[in-house]
Each structure stands twice: as structure tokens, then as C-alpha cells.
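A structural walkthrough
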Amino acid sequence: MSTARSNQVSAVRRRAVIDALRRGAVPESGLDLLATGLDRFEAALDGELETVASGGSVFKAVRGEYGSGKTFFTRWLGERAKRRNFAVAEIQISETETPLHKLETVYRRLTERLHTASFPPSALRPVVDAWFYALEEDVLASGASEEDLAGEVDRLLTARLAEVSRQASSFATALRGYRTALSAGDETTAAAVLAWLGGQPHVAAAVRHAAGVRGNLDHFGALGFLQGLLTVLRDGGHPGLLVVLDEVETLQRVRSDVRDKALNALRQLIDEVHSGRFPGLYLVITGTPMFFDGRQGVQRLAPLAQRLATDFTTDPRFDNPRAVQVRLPGFTLESLTGLGITIRDLYATGADAPERIKALADDAYIADLARAVGGALGGKVGVAPRLFLKKLVGDVLDRIDQFPDFDPRVHYKLTVSGTELTEVERNLTADDIDLEV
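Residues numbered from 1 in each chain as written. Predicted model: local features only at pLDDT ≥ 70, side-chain atom pairs only at ≥ 80, totals over all residues. Heavy atoms only, no water.

Here we come to the overall build of the chain. Across its full length, the chain holds 21 helices and 7 strands. Against the globule reference of 22 Å for 437 residues, the chain gives a C-alpha radius of gyration of 25 Å, in line with a compact fold. The proportion of buried residues among the 437 residues of the chain is 52%. The contacts in the chain between residues at least 6 apart in sequence include a share of 70% that link residues at least 24 apart. For the chain, the accessible area works out to roughly 19500 Å², and carbon and sulfur atoms hold 50% of it. Averaging the coordinates of the 52 positive side-chain charges in the chain and doing the same for the 59 negative ones gives two points 4 Å apart. (Helix = DSSP H or I, 4+ residues; strand = E, 2+ residues; numbered from the N terminus. Rg over C-alpha atoms; globule rule 2.2 N^0.38 Å. Buried < 20%, exposed > 50% of the residue type's maximum accessible area, 1.4 Å probe, protein only. Contact = heavy atoms within 4.5 Å. Areas by Shrake-Rupley, 256 points an atom, 1.4 Å probe, with all protein chains shown as cover. Lys, Arg positive; Asp, Glu negative; His and termini not counted. Charge placed at Lys NZ, Arg CZ, Asp CG, Glu CD.)

Mapped onto the elements of the fold, Leu339 is located in helix α16 (residues 333-349). Between the C-alpha atom of Leu339 and that of Leu197, which follows or precedes it by 142 residues, the distance is 43 Å. Those residues in contact with Leu339 that lie beyond four places of it in its chain are Leu34, Thr36, Phe331 and Leu389.

Before going further, it helps to examine helix α7 (residues 149-160). Between its first and last C-alpha, α7 extends 16 Å over 12 residues, near the 16 Å set by a 1.5 Å rise per residue. If you check which residues of α7 are buried, you get Leu149, Val153, Leu156 and Leu157. Buried residues of α7 fall within an arc of 105° about the axis and therefore sit on the same side. For α7, exposure combined with an orientation more than 90 degrees from the buried face picks out Arg155 and Ala159. Against the buried residues of α7 lie α6 (124-141) and α9 (169-183). (Expected span 1.5 Å × (residues − 1). Arc of directions from axis to C-beta.)

Take the packing of aromatic side chains next. With the rule as written, the count across this model stands at 8 aromatic pairs. The interplanar angle of 80° and the centroid separation of 5.3 Å between the aromatic rings of Phe41 and Phe73 together place this pair among those described as edge-to-face. A residue pair is termed long-range when its members are at least 10 positions apart, and Phe41 in helix α3 (residues 39-53) and Phe73 in helix α4 (residues 70-83) qualify at 32 residues. This pair shows no difference in class: Phe41 is buried, exactly as Phe73 is. These aromatic residues form a ring-pair network of at least three members: Tyr107, Phe171, Trp196 and Phe225. (Phe/Tyr/Trp six-rings, centres within 6.5 Å; stacked < 30°, edge-to-face > 60°.)

On to the pairing of strand β4 (residues 281-287), then. With 7 of its 7 residues buried, β4 lies for the most part within the structure. Where burial is concerned, the two faces of β4 agree: the one with Leu281, Leu283, Ile285 and Gly287 and the one with Tyr282, Val284 and Thr286 are both buried. The sheet contact formed by strand β1 (residues 58-63) and β4 spans 6 bridges and is parallel. Counterpart to Arg63 in the pairing with β4 is Gly287. As defined by bridge partners, strand β3 (residues 241-246) adjoins β4 across 5 bridges and the pair is classed as parallel. Bridge pairing in β4 places Val244 opposite Val284. With helix α13 (residues 256-275) bridging β3 and its parallel neighbour β4, the resulting β-α-β unit is right-handed. (Pairing = 2+ DSSP bridges. Right-handed = clockwise from strand over helix to strand, strands pointing away.)

Inspection of the secondary structure puts Val17 in helix α2 (residues 11-23). Residues Val17 and Thr188, 171 residues apart in the sequence, show an inter-C-alpha distance of 38 Å. For Val17, the contacting residues outside a window of four places in its chain are Pro27, Ser29, Gly30, Leu33, Leu34 and Leu346.

There is about 250 Å³ of room inside the second largest pocket. Lining the second largest pocket are 13 residues, with Glu28, Arg75, Val88, Glu90 and His115 sitting closest to its centre. No other element matches the 5 residues that α4 contributes to the lining of the second largest pocket. Taken together, the residues of the lining of the second largest pocket break down into 3 nonpolar, 4 polar and 6 charged. (1 Å grid on protein atoms, 1.4 Å probe; cavity = no way out; pocket = protein on both sides within 12 Å on 5 of 7 lines; lining within 4 Å. Points joined across faces, edges and corners; volume = space filled by probe spheres on them. Nonpolar A, V, L, I, M, F, W, Y, C, P; charged D, E, K, R; others polar.)

Further remarks concern the packing of α6 against helix α12 (residues 219-235). At a minimum axis separation of 8 Å, α6 and α12 run at an interaxial angle of 60°. By the angle between their directions, the pair α6 and α12 is classed as oblique. Like other packed secondary-structure pairs, α6 and α12 cross with a definite hand, here left-handed. Contacts between α6 and α12 pair Leu124, Val127, Val128, Trp131 and Ala134 from the former with Leu229, Thr231, Val232, Leu233 and Asp235 from the latter. (Axes fitted to C-alpha atoms, helices over the stretch in contact; angles between N-to-C directions. Parallel < 35°, antiparallel > 145°, perpendicular 65-115°, else oblique. Left-handed = near helix turned anticlockwise from the far one by under 90°.)

With that settled, consider empty space enclosed by the protein. Using the criterion set out here, one finds 2 cavities of 30 Å³ or more in the structure. Of the pockets and cavities examined, the largest cavity occupies roughly 140 Å³. Lining the largest cavity are 13 residues, and of these Val106, Tyr107, Leu110, Leu226 and Leu269 sit closest to its centre. At the level of elements, α5 (103-113), α12, β3 and β4 are the ones that each hand at least two residues to the lining of the largest cavity. A per-element tally of the lining of the largest cavity places α5 first, with 4 residues. Tallied by class, residues from the lining of the largest cavity come to 13 nonpolar, no polar and no charged. By volume, the second largest cavity is sized at about 40 Å³. Along its surface, the second largest cavity is lined by Ile93, Ser94, Glu95, Thr98, Pro99, Leu100, His101, Leu251, Val254, Val258 and Ala262. Within the lining of the second largest cavity, the residues separate by chemical class into 7 nonpolar, 3 polar and 1 charged.

Shown next as C-alpha cells:
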């Protein structure tokens, strides 16, 4: 990032990014400030977002080793989607919390994580409220009177959800129940009906009865509810929904029967996306190369492997960003250093001692720190970004900014302890390692 661009960043965005890096986390926003090396994907992804906004649907698989930036990539894509007024949901696949073969659970997590540029998770209620407002505006614009408003809105609701109701009639029924409860001033019932609409279990039987729905959402009903949600989003001013299924490689570590069910569910989702059932959906999964190529992952189910097959035998420079599967090459010492310089410049713009920061954490020092962190992780620079940026911000830049006599080459010795490493990082280094930089 150039110094000129750094100066244009708001203090709030800068602080959010720096605070996340200090914690060793991927920032929730402001990722365009750090997006080095992703420009090669921009045109293809923006084209796919336009396809989705125009009523199409897209499936994308993102592959990369640990530390290659898969989470960063999908959140960066999410920011681009929200600039087009998309809704976004990021879901961590987990055997215990969110098993992929139970699509009703995946749908529930989707509604819990749903957010837009204006509303944080869960944005389900404001999205539904905006939809009803849009229906009322359309009805009034058509010449309906205030006295006829309720009935006309119900008729328009039925018409808009006609296709969805063929697959999941209870979706429209629950929306009517929610609106009825609101009109009666029964906030408790309205909230409970909306929870049921979001796939939440354990909604009281009396509430379900009052809304005219039965039981809990199941695997097959979840697909119909997703259709309904897409319709509500589109009519409420959100032309698309980006759903990220992160850490799908965890399927490799579950029981074989559960794994087979999950892989088949993924195959089903891909086929449904490509069939046109979900206009306005951009579905992304992330995983390691082992998941896509290994015998315990995608290759275990031949039809799924066929759908995800992509040629990666050529030079990565010629990878096709429009392909169903794209790969993130991971960091090199050079690109990691470049990212560190970008963060240094961003930090300095809002610092108390910007000139001291640029002098003491110069480009050469940042390159040495990147090399040292990579060495502490067994020489694997590709898995070092999280820890490198955490050390750079929290151990080096913060101290330079606060202590006039602190010199990182004199007073700082890099220490990487097992307690601050993730499981994957810990597996790369058996003992605490001290390295001077």
C-alpha cells in the first residue's frame, strides 16, 4: 500500500485491521487494505458476482495449504459482495457443530451468521422486515388503499413465494405467522416464529401451532427454505447471497459413513446450484489440496471429483480464475515481506511516532523478521502470515510507537512458544524456539 493510500484510510478501519492482526486474527473488514496478490482474481470474481446479481448462481472451490490465506480470500470476496449489496454468511464446517450432511444445521448456521453491509449477524429479522416493507410499498404503488393493505400484501406474498411454496410451503406460512404476530403486538410469538423460520429447533409447540407450521426443519426442507430466503433477499434489495463453507477439509477426519454422507450432500448442493434452483446464490467452499486430491476427501466420491476437476499441472501463473476450483499459491518470503511493509505503512499513518516506526522497522528489518518467523515454523514461510503479522504489530510496532528508546534490533528477540500457536503451527515445531533478528 502506498503512503498516499494509507493516508486516505479512515481511523476506524485502520484500527479495526490493526487490532485484529494484534490478536492474530483475520480482520472482519478492511481486507482491501491488505489484499496483496489477489488482483489476478478480481475480474473473474467480479464477473461471477454480476452473474449472481443478474439471477444466476455460481459455485466456487478455493484450495490452499494452511496459511495460504483461504479465510482472508473469502472475507475479501465477501467485502466485494457487500459493496454490491449482497448478504453474506460464513459457516465453519464441523462434525459436532455444523455437520455438512445435515443441511438443516447448515441452513441454521447460515441464518445465524447472515449479515449485510448495514446489519451484523444475525440479519435475518431486518432482512425479513425490509421484505415486508417492500411488499407494502409495491402494493401501495399499485393503487391499493390502506384498508386493503393487509389482504393485498398477503396475496403478493403468495405470488412472490409461489415457486418456493411448491418445495417448502411452510416457509410462506411462517412468514404470514410472523406478520400476524407483529400486527397483534405479540413480540414474543413473532420472535419465536422467526427463530423457527431460521431453522432453530425447540420452538414451542404452541407457537408453531399459532403460526400454522409443524415440527422442525429437516434436511430436504432446508433447501426449500434457502430458496425462500433468496427470494426474500432479492425482493428486499439484496440481489445475491454469498455463502462460504469454510474448513471443509475437516470431513477427512470423521467416520467413513459420515464422510460419505457429507460428500454426497456437497455433490447435491453443487448440482442444485448448477441446475438453477438457487438464483442469486454464490456458494464457496474452502479446503486443502489434500481434501481435493486425497483418497479421504473429494476423490472418495467419483461424481463429486468429476464436478470439481481442474487442471493444476501448468505454471500457477496461468491458472484460470474462472475455473470451478482456484488455488491460492501461499506466501513466499518476498510476498510476506511485502505484506509486512503494507502493514507497517498502514500502522504508521495512525501512529504517534510515524517517522520512528518507518526508521526502526524499515524494509530490511521486516524482511529479517519474516525470515525468522518462517524459520521458527520449520522454514515453512507459507504458513507464517498469521504469526508474523501478530509479532510485527504487537511485539514490534506497538513498542516502537510507545517507547522512544526501543530498538527492535537491540531490545527484541523473537520467541515463538507453543501456547501461541495453532494446532497446525504447533505440529511444525516441537519446542519453543528463540531467534534473534
